[in-house]
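Here is how the chains run, residue by residue.
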Amino acid sequence: MAFGRSSRTNGMYAVPPVEPLTLKILVAGGFGVGKTTLVSAVSEIRPLRTEEVLSEPGRDIDDTAGVEAKNTTTVAMDFGRITLREDLVLYLFGTPGQDRFWFLWDELAQGALGSVVLADTRRLEDCFAAVDYFERRDIPFLVAVNCFDGADHYSADSIREALDLDPDVPVLLCDARDRESVKEILVGVVQHARSVARDRRRPAHT
């Protein structure tokens, strides 16, 4: 069927199915920050996980300070999908947090619209590397502060200052366990990425 035309069935015009726009979003951040939890909370399909149990030798490499109860780690990626609207589907790729798996990041980042950098105020320095990665590659991102139970809470402005973020980078608070909270984060990164794209297309004033 040609685009823009309808077919007639039993005297009624059949509406052609909507072909959704599919977008790729990365979920990045430090070890134990909640990336797997975030993808699992919002995915409408059973998420693909590549988690392995932390071994005793691995505990000397993976800093579990502040997340002592964590006993697994992502070794490749997490994958999930969410339909935000009939015409908009997001594919979510959670990146591994440890430095030794960073060789995967370049492959995962190909074709990404933008990224969520998940942060934990107890270990804020752990997301510096992710922020630097996306800044260097001009990939739009926002920072989502995962508000863990018992962790100190700070304002978005305080987080922005601590991370030395550009003024246009959104900083949002979230609960990575809560579907609606995560959806707000994903809508935010799509809106931010589109805003960045519009600014880049705008001719510079001479």
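Above this note sits the structure.
1. Structural notes on the overall build of the chain
Right, on to step 1. Within the chain one finds six helices and 10 strands.
Right, on to step 2. When the 206 residues of the chain are sorted by exposure, 44% land in the buried category.
Right, on to step 3. A separation threshold of at least 6 residues defines the contact pool for the chain, and within that pool the share at least 24 residues apart is 71%.
Right, on to step 4. Just so you have it, the chain exposes about 11800 Å², and 50% of that area is on carbon and sulfur atoms.

2. Quick look at the packing of aromatic side chains
Right, on to step 1. As enumerated under the stated definition, the model contains six aromatic pairs in all.
Right, on to step 2. Clustering of aromatic rings is evident, with ring pairs tying together Trp105, Tyr133, Phe134 and Phe141.
Right, on to step 3. The side chain of Lys24 reaches across the aromatic face of Phe93, ending 4.8 Å from its centre.
Right, on to step 4. We note Arg122 situated over the ring of Phe148; from NZ or CZ to the ring centre the distance is 4.4 Å.

3. Focus on the nonpolar core
Right, on to step 1. Core analysis: the largest hydrophobic core is formed by 25 residues, its most contacted members being Val117, Phe134, Phe141, Val143 and Leu165.
Right, on to step 2. Mapped by element, the contributors of at least two residues to this core are β3 (21–29), α3 (105–109), β8 (114–119), α4 (128–136), β9 (141–146) and α5 (156–163).
Right, on to step 3. The leading source of residues in this core is α4, at four residues.
Right, on to step 4. With sequence-adjacent residues up to four places away left out, Leu165 is seen in contact with Val131, Phe141, Val143, Arg160 and Val171.
Right, on to step 5. Formed by 23 residues, the second largest nonpolar core is a distinct cluster that contains Val33, Ala41, Leu118 and Ala144.

4. Describing the pattern of salt bridges
Between side chains of opposite charge, pairing is possible as soon as their charged atoms come close.
Right, on to step 1. If you walk through the whole model with that rule in mind, you get nine salt bridges.
Right, on to step 2. Of the charged contacts, one joins Glu44 and Arg81 as a salt bridge, the two residues approaching to 3.0 Å between their closest N and O atoms. You can see Glu44 sitting in the loop between α1 (35–42) and β4 (51–53) and its partner Arg81 sitting in strand β6 (residues 78–85), a full 37 residues away along the chain.
Right, on to step 3. A relative accessible area of 35% means that Glu44 is categorised as partly exposed.
Right, on to step 4. The network of salt bridges with common partners includes Asp149, Asp175 and Arg177.

5. Some words on the sheet that holds β8
Right, on to step 1. Pairing is mixed across the open sheet formed by six strands, whose spatial order is β6-β7-β3-β8-β9-β10. For this open sheet the edge positions go to β6 and β10 (171–174), each flanked by a neighbour on one side alone. Between one strand and the next, the sheet's axes are offset by a mean angle of 25 degrees, whatever the strand orientation.
Right, on to step 2. In terms of strand pairing, β8 meets β9 through five bridges, oriented parallel. Bridge pairing links Val116 to Leu142 in β9.

6. A word on the packing of α1 against helix α6 (residues 179–201)
Right, on to step 1. Running from N to C, α1 and α6 point in directions that differ by 100 degrees, and their axes come no closer than 9 Å. Judged by the inter-axis angle, α1 sits roughly perpendicular to α6. Residues Leu38, Ala41 and Val42 of α1 form the contact with α6, whose own contacting residues are Arg179, Val182, Lys183 and Leu186.

7. Some remarks on the side chain of Asp120
Right, on to step 1. Within the secondary structure layout, Asp120 lies in the loop between β8 and α4.
Right, on to step 2. What makes Asp120 buried here is its relative accessible area of 3%.
Right, on to step 3. A polar atom in the side chain of Asp120 sits 2.9 Å from the side chain of Arg122.
Right, on to step 4. Not counting chain neighbours up to four residues away, the residues in contact with Asp120 comprise Val33 and Phe148.

What counts, and where the lines are drawn
Residues numbered from 1 in each chain as written. Predicted model: local features only at pLDDT ≥ 70, side-chain atom pairs only at ≥ 80, totals over all residues. Heavy atoms only, no water. Helix = DSSP H or I, 4+ residues; strand = E, 2+ residues; numbered from the N terminus. Buried < 20%, exposed > 50% of the residue type's maximum accessible area, 1.4 Å probe, protein only. Contact = heavy atoms within 4.5 Å. Areas by Shrake-Rupley, 256 points an atom, 1.4 Å probe, with all protein chains shown as cover. Phe/Tyr/Trp six-rings, centres within 6.5 Å; stacked < 30°, edge-to-face > 60°. Lys NZ or Arg CZ within 6 Å of the ring centre and 35° of its normal. Core = buried A, V, L, I, M, F, W, Y, C linked by side-chain atoms within 4.5 Å. Salt bridge = Lys/Arg side-chain N within 4 Å of Asp/Glu carboxyl O. Pairing = 2+ DSSP bridges. Axes fitted to C-alpha atoms, helices over the stretch in contact; angles between N-to-C directions. Parallel < 35°, antiparallel > 145°, perpendicular 65-115°, else oblique. Polar contact = N/O pair within 3.5 Å; in protein donor to acceptor, adjacent residues only side chain to side chain.

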